[in-house]
Structure formats: structure tokens, C-alpha cells
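Close look at the chain arrangement
Spelled out, the chains give:
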Amino acid sequence: MLVFGKKANFRPLLVCSLSAAIFAFFTQGLFNNLRVTVGVALFFFFEPFLLNYFLNLPWVFPYWKVNSDSIQYTDIVPWGHRLLALIFPPAIKFKTIMKKDIALVKIIGDLNKSYSMTPVTYIYPIIFVYTPAIFMAHNQDYARIYLKDGHSIDLRFSRDYVYDRAKTIEKLEQLSANLAKDNINVVLPEINVTARPKMYY
């Protein structure tokens, strides 16, 4: 089984809760004012929850897998699905695309970029929380599945690419070989074996 991405989990909720708790603790110690403390806690919970995770969730937690006769994926693009995935991830169920219904698969994106997190992200944890999401949202790479009924579905693999370019390209080639067995053509962009110098954002 070929797997891309990572399932949505409780980590965003835990990170936001921990952030709120830490800032609330220090605020209460400094000001000893419950209203101020609650306000600070709410800000440091919802700021990363909404601006980092909620907006970027389809790129941070895409998940899809290729089985013998189908492709299964989690649809967290609609706003309601995103919110549910953040609050209670197990509620997000798989959707299925049968291989017999696929007309064509086209890989879209620049697969010659190479990303790396700068050392500063390891020094300042608050920056580290945002950096992966920024890289993934910036790197718009996905497999567009064209169905025989005229519809299309985009399955993202930005997460895989940002963390390991070489392995992701290898998996895309495996995807092409896997679907070729079912007479499904996969259009891959031109790929240089040697990655360009690492880019920092």
C-alpha cells in the first residue's frame, strides 16, 4: 500500500492548548487579573488554531493511500471538515475513488525545489510551529485525479515533499507504476535527479 501525507490528529489542539496555558500562567503571575489572563489565553489559543492550523490544514494534514483497486483519501478542504478534523480527528472518514473510474492522473507542481527549515526554527519553538505549514502551503504540489464522469479531485502531497523530496519522487514513480497496471496514465512533470540548492523561506 502506497501512503501520502499524515492523518489529522490531536496535536494542533494540544499545541494550541499548551500555548494558551503557558501564556496564561505567566500573565496571571504578572498582572494577577483574571480578565486579562483569560483574554491572553484565548488569544494564544485561537491565533495559532485559526491562522496556522485551520487555514493551512489541507496542506499540513493531507492523507491518502493507494490500494489494489482504489484510492482512499480524507477530505478536509471544506470549512466544516477542517473544524471537525481539528476538534475530533477520528470523526473524519475516508472517501474512496475506484481505479476503474479514473481516466487520468496528472502530477502538478515544481518537483525540482528543495526546502529546508532554517536553524532559527529549532531555536525559537514559536517559529517552528508555523514554519512547516508555511512551507507546505507555499509548495502547492498535488495529484489531480481526472474521473471518467468529468469530475476531478486534487490529492495533495506537499507534506511529503517538504520533508523528503527524494522519497516523495520515488513514491510518485511507484504511483505511476501502480496505476499503469490498471491502464491509467500518470503525467509527471520534468524531474531533475539532482535537486536545486536548498531554499529558505
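None of these values were measured; they are calculated from a predicted model.

1. Considerations on the nonpolar core
- Counting residues in hydrophobic clusters, the biggest one holds 23 residues, and the most contacted among them are Trp64, Val105, Ile107 and Ile145.
- Of all the elements in the fold, those that place two or more residues in this core are strand 1 (2-5), strand 2 (63-66), strand 3 (70-74), strand 5 (102-108), strand 6 (142-147), strand 7 (152-156) and helix 7 (165-180).
- Among all residues touching Ile107, those that are not within four sequence positions of it are Tyr142, Ala143, Phe157, Leu172, Leu175, Val186, Val187, Leu188 and Pro189.
- In terms of nonpolar packing, the next biggest core, distinct from the first, is built from 15 residues, Ala20, Phe45, Ile76 and Ala85 among them.

2. Description of a nonpolar patch on the surface
- Together, Leu34, Val38, Leu42, Phe46, Leu50, Leu51, Leu55 and Trp79 make up an exposed nonpolar region whose accessible area comes to about 790 Å².
- Of all the elements, helix 2 (residues 34-60) adds the most residues to the nonpolar patch, at seven residues.
- Tracing the sequence through the fold places Leu34 in helix 2.

3. Re the sheet that holds strand 5
- Here we have four strands laid out as an open sheet, ordered 7-6-5-8, and mixed in their pairing. This sheet does not close on itself; its edge strands, each paired only once, are strand 7 and strand 8 (185-187). Within the sheet, the average angular offset between the axes of one strand and its neighbour, ignoring direction, is 20°.
- Pairing of strand 6 with strand 7, which is carried by five bridges, proceeds in the antiparallel orientation. From the neighbouring strand, Tyr146 faces strand 7, where its bridge partner is Ser152.

4. Looking at the pattern of salt bridges
- A full pass over the atoms with the stated rule returns five salt bridges.
- Across the salt bridge formed by Asp101 and Lys100, the nearest N and O atoms sit 3.6 Å from each other.
- Owing to a relative accessible area of 32%, Asp101 belongs among the partly exposed residues under this scheme.
- In this structure, Asp160 engages Lys171 in a salt bridge whose closest nitrogen and oxygen atoms are separated by 2.8 Å. Taken together, the positions of Asp160 in helix 6 (residues 158-163) and Lys171 in helix 7 put the pair eleven residues apart, joining distant regions of the chain. Both residues of the pair, Asp160 and Lys171, belong to the buried class.

5. What about the packing of aromatic side chains?
- Scanning all chains against the criterion turns up eleven aromatic pairs.
- Taking 5.3 Å as the distance between ring centres and 20° as the angle between the ring planes, the aromatic pair formed by Phe45 and Phe49 counts as stacked. With Phe45 and Phe49 both in helix 2 and four residues apart, the pair spans about one turn of that helix.
- Taken together, Phe4, Trp64 and Phe157 form an aromatic cluster joined through their ring pairs.

6. Some details on helix 7
- Taking 1.5 Å of rise per residue, 16 residues should cover 22 Å, and helix 7 covers 23 Å from first to last C-alpha, within 8% of that figure.
- Along helix 7, the residues classified as buried are Arg165, Thr168, Ile169, Lys171, Leu172, Leu175, Ser176 and Leu179. Down the axis, helix 7 shows its buried residues gathered within 160° of arc, on one side only.
- Buried residues along helix 7 sit in contact with strand 1, strand 2, strand 5, helix 6 and strand 8.
- By the N-cap criterion, in which a side-chain oxygen at the helix start approaches the backbone nitrogen of a residue two or three places on, helix 7 is capped by Asp164, the distance to Ala166 being 3.5 Å.

7. Comments concerning the sheet that holds strand 3
- Strand order in the open sheet formed by four strands is 1-2-3-4, and the pairing between neighbours is antiparallel. A strand with exactly one partner marks an edge of an open sheet, and here the two such strands are strand 1 and strand 4 (94-98). Neighbour-to-neighbour, the strand axes of the sheet open up by a mean angle of 15°, direction not taken into account.
- Bridge count for strand 1 against strand 2 is four bridges, and the pairing is antiparallel. Note on strand 2: the bridge partner recorded for Gly5 is Tyr63.

8. Here's the deal with the pairing of strand 2
- In strand 2, alternate side chains face the same way, and those of Tyr63 and Lys65 on one face and Trp64 and Val66 on the other are all buried.
- For strand 2 and strand 3, the ladder comprises three bridges, and the chain directions are antiparallel. Note that in strand 3 the partner of Lys65 across the bridge is Gln72.
- Joining the antiparallel neighbours strand 2 and strand 3 is a turn of three residues.

Conventions and cut-offs
- Residues numbered from 1 in each chain as written.
- Predicted model: local features only at pLDDT ≥ 70, side-chain atom pairs only at ≥ 80, totals over all residues.
- Heavy atoms only, no water.
- Core = buried A, V, L, I, M, F, W, Y, C linked by side-chain atoms within 4.5 Å.
- Buried < 20%, exposed > 50% of the residue type's maximum accessible area, 1.4 Å probe, protein only.
- Helix = DSSP H or I, 4+ residues; strand = E, 2+ residues; numbered from the N terminus.
- Contact = heavy atoms within 4.5 Å.
- Patch = residues over 30% accessible without salt bridge, like charges linked within 9 Å, V, L, I, M, F, W, Y side chains within 5 Å.
- Areas by Shrake-Rupley, 256 points an atom, 1.4 Å probe, with all protein chains shown as cover.
- Salt bridge = Lys/Arg side-chain N within 4 Å of Asp/Glu carboxyl O.
- Pairing = 2+ DSSP bridges.
- Axes fitted to C-alpha atoms, helices over the stretch in contact; angles between N-to-C directions.
- Phe/Tyr/Trp six-rings, centres within 6.5 Å; stacked < 30°, edge-to-face > 60°.
- Expected span 1.5 Å × (residues − 1).
- Arc of directions from axis to C-beta.
- Polar contact = N/O pair within 3.5 Å; in protein donor to acceptor, adjacent residues only side chain to side chain.

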